[in-house]
Structure formats: structure tokens, C-alpha cells
Amino acid sequence: MIFKCHLTIKRFILFLFLFISPCLSAAAGSDFSQLPVSSWYNSLWAYAVYLFLIWLIIFLTMRIHLRNQQRRIRKQKEADRHAEEVRLQEMRQEMLEQELKNKTHELMLQTSLLVRKSRIMHELLEELENQKETMGERYPNKLYRRMKNMIEGSLNDQNDWLAFETYFNNAHHDFIQRLQQQYDELTPADIRICCLIRMNLSTKEIASVLNISVRAVELRRYRLRKRMNLDGDVSLPDYLIGF
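Residue numbers run consecutively from 1 along every chain, following the written order of its sequence. With pLDDT at 70 or above as the cut-off, local features in this predicted model cover only qualifying residues; side-chain atom pairs require 80 or more to be listed or tallied, and sums for whole chains, interfaces and linings still use all residues. The side-chain figures draw on all heavy atoms in the structure; neither hydrogens nor water molecules are used.

J.: Give a description of a positive patch on the surface that names residues and reports values.
T.: Surface patches are defined over residues having more than 30% relative accessible area and no salt bridge, joining like charges when they lie within 9 Å and nonpolar side chains (Val, Leu, Ile, Met, Phe, Trp, Tyr) when within 5 Å. Note on areas: these come from Shrake-Rupley sampling with a 1.4 Å probe, and a residue is covered only by the protein chains present in the view. Salt bridges are defined by distance alone: a side-chain nitrogen of Lys or Arg within 4 Å of a carboxyl oxygen of Asp or Glu. Counted as positive: Lys and Arg. Counted as negative: Asp and Glu. His and the chain ends are not counted at all. Note that the charge is assigned to NZ on lysines, CZ on arginines, CG on aspartates and CD on glutamates. Judged by side-chain charge, Arg63, Arg67, Arg71, Arg72, Arg74 and Lys75 come together as a positively charged surface patch. Under the scheme used here, helices are H or I runs from DSSP no shorter than 4 residues and strands are E runs no shorter than 2 residues, and both carry numbers assigned from the N terminus. Within the fold, Arg74 resides in helix H2 (residues 44-135).

J.: Break down unusual backbone geometry for me, citing the residues and quoting the values.
T.: The phi torsion at Asn200 lies on the positive side, around 65°, for a residue other than glycine. As for its placement among the helices and strands, Asn200 is situated in the loop between helix H6 (188-198) and helix H7 (203-210). The phi dihedral of Asn229 falls on the positive side, at around 55°, and the residue is not glycine. Take Asn229: it is sitting in the loop between helix H8 (214-228) and helix H9 (236-241).

J.: Tell me what's going on with the confidence of the model for the protein chain, and back it up with residues and numbers.
T.: Any segment with low pLDDT has predicted coordinates that should not be analysed in fine detail. Here pLDDT means the predictor's own confidence in every residue, given as a number from 0 to 100. The pLDDT averaged across the protein chain works out to 78; a share of 83% of its residues lies at or above 70. The element-level mean pLDDT for the protein chain is lowest in helix H1 (residues 2-26), coming to 45, with H8 highest at 88. By definition, residues are in contact when any of their heavy atoms lie within 4.5 Å. Across residues 1-10, confidence stays below pLDDT 50; counting only partners more than four residues off in sequence or on other chains, it has ten contacts. With pLDDT under 50 throughout, residues 12-38 is counted as low confidence; its partners more than four residues away or in other chains account for six contacts.

J.: An account of the packing of aromatic side chains is needed here, citing residue identities and associated values.
T.: Each aromatic pair joins two rings of Phe, Tyr and Trp (for Trp, the six-membered one) with centres within 6.5 Å, and gets the label stacked for planes under 30 degrees apart, edge-to-face for over 60, and tilted for any other angle. In total, this model carries four aromatic pairs according to the counting rule given. Measuring from ring centre to ring centre gives 5.6 Å for Phe168 and Phe175, while their planes differ by 70°; the resulting arrangement is edge-to-face. Across this residue pair, the class does not change: Phe168 and Phe175 are buried. An aromatic cluster is present here, built from Phe52, Trp55 and Phe59 joined pairwise through their rings. Working rule: Lys NZ or Arg CZ, within 6 Å of ring centre, within 35 degrees of ring normal, means a charge sits over the ring. Its end group placed over the ring of Tyr144, Lys132 keeps NZ or CZ at 5.5 Å from the ring centre. With a 1.4 Å probe rolled over the protein chains alone, any residue whose accessible area is under 20% of its type maximum counts as buried; one over 50% counts as exposed, and the rest are partly exposed.

Right, here's the structure in full:
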């Protein structure tokens, strides 16, 4: 734009030169001593050139100022948009972190309830066995078998594990999938052990939740290490927590 304005000015000056050159040629043979000191630059055309140059300077100044102002506005808008994107990203990150905390908290509550229920059911079963042993034949066999079946059925209730698995998948959505992909020889029982170990449950708590003996849990942990090809110095809980 500035180059075009410069070109226009040059053309206008050339036009003025061609216009006034005949007058200058006509006056070339006259006595310049009789001409006024200020002849052509005090003429109407000279003032027209002055006004045009003044207008051009003002125009170019305002245009440059407008461009700079537009550039500043554009940069400010880009900065505001970037800041808004960063703020939204931080908000999304905070929401995801809060959601993960909530899901982890729910999983911990569900795990605590599962462990507590298993412990109570085992205590009831033990109390039932003690009563049967103490009372002997006086304790009705029908009632004994009914109570024992109810307690064992509650211990082996798959709904409890399905609820735990749902909360676990919400908090660790890809743990089971990655575990199955990397170790395709693991059984569903092995997966359960891995999930409970990742929750940092003790061997006794795992045995109570799964309604098996502590010895059985230890054997399953040993088989897990063999199937995962873990070295002797690698901790199984640390490995699963960091998996």
C-alpha cells in the first residue's frame, strides 16, 4: 500500500512538472530579475500539492496506526483465546482428577464393605459350628444345614464380586484388559487375585473375600509369579500396583 502511494505521488509530481514546464519555458527568455521571488511555489497548484501531501501524510499515519491497532487487537484476541483454552484444559484436567478420586474412593468403600461382610460371614459360620459342636444332637440338623447353606451362599455370592469389579473398572478402566492382553494364560480366578492384590489387601483379607484358605491364596500368588515370569526380587504387589 505504501509503495502504491509513493508511486502515485511520483506520478502526480511528474504531472505537475509536465504541466508547469511550458510556463517555465515561456518565461525562460524573460528577465528573471523582474519576476517575484516566490513565483511557482506560491501558486494555486503549489498549494494544491501541499494540501495533497499533508492529506497523504495524515492518511498514511492513520493507516499505519490502524494497522498497528488491528495487529494489537488480533494478538490480544489470540492471547485471550489461548488463555481460555488453557483455562478450559485445566478445568477438564481438574474434573478428570476429581472424578478419578471419587471413583477410587468408591472403590475403597466397596472393598471395605466386601472385606467386612466376608469377615462377619466367617464369624457367623464359626459361631454356627461352635454351637453345633456344643449342643450336639440338641441342635436341629435341618436348621444347622439351612443356616450353613445361607452363610456359605452369601460368601460365594457372585453379585458382590460383580459390584466390586464394576467399581474397580471405573477406577482402573484398562487394568484388567492390559493384564489379559499381556498374560493370556491367567484365569478369572487369577484376575480376581490380581485386582485384590492391587487394592493392597493382605493375604488374610483376600482369603476372606474369596472364601478360601490363606494357604490357597499363597499358592495362587506363587502360581501368578510363575505365569508372569517375575524374578525373585520383584514384589508382586508393587508390580501389579505399577502395572
